Amino acid sequence: MPLVEIEGLSKVYRKGSQEVPVLRDLDLTVDAGEFVALMGPSGSGKTTLLNLIAGIDRPTSGVIRVGGDDLAKLSRTKLAAWRARNVGYIFQLYNLIPVLTAFENVELPLLLLPLSRAERRKRVEVALDAVGLLDRHDHYPRQLSGGQEQRVAIARAVVGDPTILVADEPTGDLDADTADATLALLKRLNDEMGKTLVMVTHDPHAAAAAKRLVRLEKGALVASDLRAVPARGPLTRAGA
Ligand SMILES: Nc1ncnc2c1ncn2[C@@H]1O[C@H](COP(=O)(O)OP(=O)(O)OP(=O)(O)O)[C@@H](O)[C@H]1O
């Protein structure tokens, strides 16, 4: 079943009087339960596309439906509310709030939902447990390693049970082993919990964690294939 339906999507940024076309007449469908890697050269429009799917940005023209909602038709306020309910965003640099503990960081998106304090606590604990960091719940981001910070950020992204998870270079700032552990976690969220994931990456190794590869070049889709990478066991880095 299609979760993301994109038809004739275009995005033009305006810089003063200058127009910068970033996405051109793009069509793409992502089914529920897919794990899609979005690759392409720097400047090809990957982050722009991800932000449009996440309802952070709005298209210049075209249709973008996520879970049946036509995002271009929502007002800014409605789009913000839609985002809070439906999107979990994972950033390259984690974007945790330094003055909040791991628990409080994960709890943050739940404060926008009508939940009791007890229900919030339960959900935060389940999410922290799922990423293996329940015992670090009272640690501040500076007391965590980069990989642990990213796992807290992943817990924060899934805690509200969003319709879709989007990740922008989630392993871009991690060493190889920590990146592998993070990718294994994302794979597990997809395989075992059925989360739909769209991940921007430059790294073919990271892309190999996904089930489908979508390539962008100069704002247009050049390929969208089921994984050409042979099936394999645990993520291993070639030559390592
Ligand atoms: N807010 C903005 N205003 C003007 N131009 C922008 C804006 N955001 C992005 N761009 C331009 O749009 C193009 C695509 O940017 P985008 O970040 O989507 O590319 P990308 O494929 O994610 O690149 P990278 O891999 O380097 O992150 C770039 O030329 C960029 O300069």
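Residues numbered from 1 in each chain as written. Predicted model: local features only at pLDDT ≥ 70, side-chain atom pairs only at ≥ 80, totals over all residues.

The name given to the protein in an unreviewed UniProt entry is ABC transporter ATP-binding protein YtrE, with the source organism recorded as Urbifossiella limnaea. Looking at the protein in UniProt, the text filed under Sequence similarities (unreviewed entry) is "Belongs to the ABC transporter superfamily. Macrolide exporter (TC 3.A.1.122) family." (UniProt positions renumbered as here; feature names shortened; annotations may be inferred.)

Asks: Got a sec to walk through the overall build of the protein? Specific residues and values, please.
Replies: Each helix and strand in the protein was counted, giving seven helices and 10 strands. Buried residues in the protein amount to 41% of all 240 residues. The long-range fraction of contacts in the protein, counting pairs at least 24 apart against all pairs at least 6 apart in sequence, stands at 70%. (Helix = DSSP H or I, 4+ residues; strand = E, 2+ residues; numbered from the N terminus. Buried ≥ 20, exposed ≤ 12 C-beta atoms within 10 Å, placed from the backbone. Contact = placed C-beta atoms within 7 Å.)

Asks: If you had to explain the packing of helix α5 (residues 146–158) against helix α6 (residues 176–191) to someone new, which residues and values would you point to?
Replies: Viewed as axis vectors pointing N to C, α5 and α6 meet at an angle of 15 degrees, and their least axial separation amounts to 9 Å. Here α5 is positioned roughly parallel relative to α6, judged by the angle of their axes. At the point where α5 passes α6, the crossing takes the right-handed sense. From α5, G146, G147, Q150, R151, I154 and V158 reach across to α6, where they touch T178, A181, T182, L185 and L189. A breakdown of the residues in the contact of α5 with α6 according to their chemical character gives five nonpolar, five polar and one charged. (Axes fitted to C-alpha atoms, helices over the stretch in contact; angles between N-to-C directions. Parallel < 35°, antiparallel > 145°, perpendicular 65-115°, else oblique. Left-handed = near helix turned anticlockwise from the far one by under 90°. Nonpolar A, V, L, I, M, F, W, Y, C, P; charged D, E, K, R; others polar.)

Asks: Tell me about the pairing of strand β3 (residues 35–39), residues and numbers included.
Replies: Where burial is concerned, most of β3 is hidden: five out of the five residues are buried. The two faces of β3 match: F35, A37 and M39 on one face and V36 and L38 on the other face are all buried. Here β3 runs beside strand β8 (residues 197–200); their pairing, made up of four bridges, is parallel. Within the sheet, the bridge partner assigned to L38 lies in β8 and is V200. (Pairing = 2+ DSSP bridges.)

Asks: Which residues make up the site of the ligand, and what are the values?
Replies: Around the ligand, the surrounding shell consists of Y13, K15, V20, V22, G40, S42, G43, S44, G45, K46, T47 and T48. The set of elements that each furnish at least two residues to the shell around the ligand consists of β1 (2–15), β2 (18–31) and α1 (46–53). Broken down by element, the residue count for the shell around the ligand peaks at three residues, all from α1. The class makeup of the residues in the shell around the ligand is three nonpolar, seven polar and two charged. (Near = placed C-beta within 6 Å.)

Asks: I'd like a description of the sheet that holds β2, backed by residues and values.
Replies: Pairing between the strands of a sheet is mediated by backbone hydrogen bonds and can be parallel or antiparallel. Pairing is antiparallel in the open sheet, where four strands are placed in the order β2-β1-β4-β5. The open sheet has two free edges, formed respectively by β2 and β5 (69–70), since each of these has just one partner strand. As paired elements, β1 and strand β4 (residues 61–66) share five bridges and run antiparallel to each other. Following the sheet pairing, E5 is matched in β4 by R65. In this fold α1 packs onto β1, β2 and β4, with an angle of close to 125 degrees to the strand it touches most, β1.

Asks: Describe unusual backbone geometry, naming the residues involved and giving the relevant values.
Replies: With the exception of glycine, the majority of residues adopt a negative phi angle, and the majority of peptide bonds are in the trans configuration. Positive phi is not limited to glycine here, since D25 has a value of about 45 degrees. Position of D25 relative to the elements: it lies in strand β2. Of note in this structure, K218 is not a glycine but carries a positive phi near 50 degrees. Relative to the assigned elements, K218 resides in the loop between β9 (212–217) and β10 (220–226).

Asks: Lay out the confidence of the model for the protein with the relevant residues and their values.
Replies: Looking at the protein as a whole, its pLDDT mean stands at 92, while 94% of the residues score no less than 70. Considering only residues more than four positions removed or in separate chains, one finds that residues 229–233, a stretch of pLDDT under 50, has one contact. Listed scores for the predicted complex are pTM 0.91 and ipTM 0.95. (pLDDT = per-residue confidence, 0-100.)

Asks: Kindly report on helix α4 (residues 117–130), identifying the contributing residues and their values.
Replies: Its 14 residues place the ends of α4 20 Å apart at the C-alpha level, agreeing with the 20 Å of an ideal helix rising 1.5 Å per residue. Taken together, the buried positions of α4 are R123, V124, A127 and L128. The buried residues of α4 occupy an angular sector of 130 degrees when projected down its axis, which confines them to one face. Facing away from the buried side of α4 by over 90 degrees, the exposed positions are A118, E119 and K122. (Expected span 1.5 Å × (residues − 1). Arc of directions from axis to C-beta.)

Asks: Summarise the nonpolar core; cite the residues concerned and give the values.
Replies: By size, the foremost hydrophobic cluster in this structure holds 65 residues, and its most contacted members are L38, I53, A155, V166 and V198. For this core, the element with the highest residue contribution is α5, accounting for six residues. Every residue in contact with L38, bar those within four places of it in the chain, is listed here: K46, L49, L50, V198, M199, V200, V214 and L216. (Core = buried A, V, L, I, M, F, W, Y, C linked by C-beta atoms within 7 Å.)

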